[in-house]
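Residue strings, one per chain:
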Amino acid sequence: MQKRQLGRTGLSISPVVFGGNVFGWTADEKTSLELLDRFFDAGFNTIDTADVYSRWVSGHQGGESETIIGRWLKRGTRDRAIIVTKVGMDMGQGKPDLSAKWIIEEVENSLRRLQTDHIDVYLAHTFDPNTDQEETLSAFTKLQQQGKIRAFGCSNFNADQLQASLDIASKAGLQRYDVIQPEYNLYTRDSFEGPLSTLCQREDIGVISYFALASGFLTGKYRSAEDAEGAARGGRVGTYLNERGFRILKALDEVAKETGEKLATVAIAWVAAKPGITAPIASATSLSQLESLIAAGKLSLTSAQIAHLDQAGA
């Protein structure tokens with residue numbers, strides 16, 4: 001399997017990244033460890049998580065996903081893995097927090113939970129309007145100089161926010177964001193396509209996009225409001241149940257038939273093939289779901305298939 005260079009970071013990551021938001025939530029620890037074993041045995045090497053996963057679950061505090069990944073790494077797998085984690089979402093402060101004080105404090109918590117001495121890619125999870133970007137970039141630069149992180153970037157920044165950060169880093173003599181994590185899939189395209197994609201390609205910024213399967217909608221599992229009832233992300237899935245969403249599913253059905261692959265595999269492969277994308281993130285809660293993810297890392301869609309999917313989701 002051919003790895004992909006993650007912008008200017010010097011890191012080579014797998015063509016699909018395993019989304020660790022499910023670990024300790026919709027996948028228990030035993031299942032999570034089995035999924036990680038299978039993913040890496042198939043030749044993939046990159047896991048995405050965050051300190052806040054899965055704080056939204058009743059009884060959880062955040063850090064559940066990192067803790068499970070840490071137990072897996074402790075089994076002797078650290079040298080095989082590229083770990084992406086994030087900081088900045090509300091962990092009890094009641095607001096986004098990219099202050100230097102919080103970043104310096106919280107990286108230690110993530111390192112402890114992950115049972116490692118360094119994080120490969122550390123991301124600002126969301127834009128913080130209450131903290132100067134120079135302060136945030138200074139904290140990340142310090143951690144990189146200390147060897148606690150290898151590279152850093154941001155998530156959920158728009159093109160203007162990212163450009164401002166690049167300008168600030170250049171003016172202040174700080175390291176810049178070299179990776180971004182935007183939402184991007186066949187249904188949700190405007191958050192990346194356009195100015196942000198152009199900026200990332202021009203500045204050689206690695207792009208690891210999330211929600212490749214649109215909360216499971218692009219697997220074809222949800223085709224009515226009744227299908228979405230009781231789903232972990234049922235409310236979000238319901239927003240895709242419209243004429244455009246059904247048009248996308250129809251095109252996925254057609255390309256899936258041509259390729260002999262599942263809809264999920266085709267949807268992930270479409271993201272991976274788009275200009276500016278280094279690798280999409282996708283999650284799985286069972287070994288059967290994981291096989292679709294693994295297949296996506298090996299599937300090359302034709303230009304006609306990509307164009308057909310593009311048109312359906314336009």
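Keep in mind it's a predicted model, so treat the numbers as computed, not measured.

Enquirer: Would you take a moment to explain empty space enclosed by the protein for this structure?
Expert: Taken as a whole and assessed by the stated rule, the structure comprises one cavity of 30 Å³ or more. Estimates place the volume of the largest cavity at around 40 Å³. Residue lining of the largest cavity: Leu98, Phe127, Asp128, Thr131, Asp132, Gln133, Thr136, Phe157 and Tyr177, and that is the complete set.

Enquirer: Sorry if this is basic, but what is going on with the sheet that holds strand β5 (residues 82–87) here?
Expert: In a beta sheet, neighbouring strands pair by backbone hydrogen bonds and run either parallel or antiparallel. Spatially, eight strands are ordered β3-β4-β5-β6-β7-β8-β9-β10 in a closed barrel, and the strand pairing comes out parallel. Averaged over all adjacent pairs, the angle separating strand axes in this sheet is 25 degrees, with direction ignored. Lying on the sheet, helix α1 (residues 29–41) is in contact with β3 (17–19) and β4 (46–48); it crosses β4 at an angle near 145 degrees. Contacting β5, β6 (119–124) and β7 (149–155), helix α3 (residues 100–114) runs over the sheet at an angle of about 140 degrees to β6.

Enquirer: How should I be thinking about the pairing of β7 in this particular structure?
Expert: Consecutive residues of a regular strand have side chains that alternate between opposite faces of the sheet. Counting buried positions along β7 yields six of seven residues, so the element is predominantly enclosed. In terms of strand pairing, β6 meets β7 through five bridges, oriented parallel. Within β7, the position partnered with Ala124 by the bridge is Cys154. Each parallel crossover has a hand, and for β6 linked through helix α4 (residues 133–145) to β7 it is right-handed. By the bridge criterion, two bridges tie β7 to strand β8 (residues 179–181) in an arrangement that is parallel. Bridging from a neighbouring strand, Ser155 pairs with Gln181 of β8. Crossover handedness for the path β7 to helix α5 (residues 159–172) to β8: right-handed.

Enquirer: Help me understand the packing of aromatic side chains in this model?
Expert: Each pair of aromatic rings is reported with the distance of its centres and the angle of its planes. By the definition in use, this model includes 18 aromatic pairs. With a centroid separation of 5.9 Å and an interplanar angle of 80 degrees, the aromatic rings of Phe152 and Tyr177 are classed as edge-to-face. With Phe152 in strand β7 and Tyr177 in the loop between α5 and β8, this pair connects stretches of sequence that are 25 residues apart. By relative accessible area, Tyr177 is classed as buried at 1%. The rings of Phe18, Phe23, Phe39, Phe40, Phe44 and Trp72 are connected pair by pair, giving a single aromatic cluster. The aromatic ring of Tyr187 is capped on one face by Arg244, whose charged end is 4.4 Å from the ring centroid.

Enquirer: Please explain the side chain of Ser155 as it appears in this structure.
Expert: Within the element layout of this structure, Ser155 appears in strand β7. Engagement of the side chain of Ser155 in a polar contact is seen with the backbone oxygen of Gln181, the distance being 2.9 Å.

Enquirer: Is there a simple way to explain helix α12 (residues 303–312) in this structure?
Expert: Since there are 3.6 residues in each turn of an α-helix, residues three or four apart along the chain are aligned in direction. Buried within α12 we find Gln305, Ile306, Leu309 and Ala312. Projection of α12 onto a plane perpendicular to its axis shows the buried side chains occupying an angular sector of 125 degrees, all on one side. Opposite its buried face, α12 presents the exposed residues Ser303, Ala304 and Gln311, each directed more than 90 degrees away. Looking at the buried residues of α12, the elements they touch are α9 (243–259) and α10 (263–273).

Enquirer: Would you take a moment to explain the pattern of salt bridges for this structure?
Expert: If the charged atoms of two oppositely charged side chains come close together, the side chains can form a pair. Inspection of the entire model under this criterion finds 20 salt bridges. Measuring nitrogen to oxygen at the nearest pair gives 3.1 Å for the salt bridge that ties Arg8 to Asp178. Note that Arg8 is positioned in the loop between β1 (4–5) and β2 (12–13) and Asp178 in the loop between α5 and β8, a separation of 170 residues in sequence. Using a relative accessible area of 46% as the deciding quantity, one classes Arg8 as partly exposed. For Asp178, a relative accessible area of 11% corresponds to the buried category. As a salt-bridge pair, Arg80 and Asp41 come within 3.8 Å of each other at their nearest N and O atoms. Taken together, the positions of Arg80 in the loop between α2 (64–73) and β5 and Asp41 in helix α1 put the pair 39 residues apart, joining distant regions of the chain. Its relative accessible area of 59% is what places Asp41 among the exposed residues. Salt bridges here are not isolated pairs; linked through shared partners, they connect Arg8, Arg176, Asp178, Arg202 and Glu203.

Criteria and thresholds
Residues numbered from 1 in each chain as written. Predicted model: local features only at pLDDT ≥ 70, side-chain atom pairs only at ≥ 80, totals over all residues. Heavy atoms only, no water. 1 Å grid on protein atoms, 1.4 Å probe; cavity = no way out; pocket = protein on both sides within 12 Å on 5 of 7 lines; lining within 4 Å. Points joined across faces, edges and corners; volume = space filled by probe spheres on them. Pairing = 2+ DSSP bridges. Helix = DSSP H or I, 4+ residues; strand = E, 2+ residues; numbered from the N terminus. Axes fitted to C-alpha atoms, helices over the stretch in contact; angles between N-to-C directions. Contact = heavy atoms within 4.5 Å. Buried < 20%, exposed > 50% of the residue type's maximum accessible area, 1.4 Å probe, protein only. Right-handed = clockwise from strand over helix to strand, strands pointing away. Phe/Tyr/Trp six-rings, centres within 6.5 Å; stacked < 30°, edge-to-face > 60°. Lys NZ or Arg CZ within 6 Å of the ring centre and 35° of its normal. Polar contact = N/O pair within 3.5 Å; in protein donor to acceptor, adjacent residues only side chain to side chain. Arc of directions from axis to C-beta. Salt bridge = Lys/Arg side-chain N within 4 Å of Asp/Glu carboxyl O.

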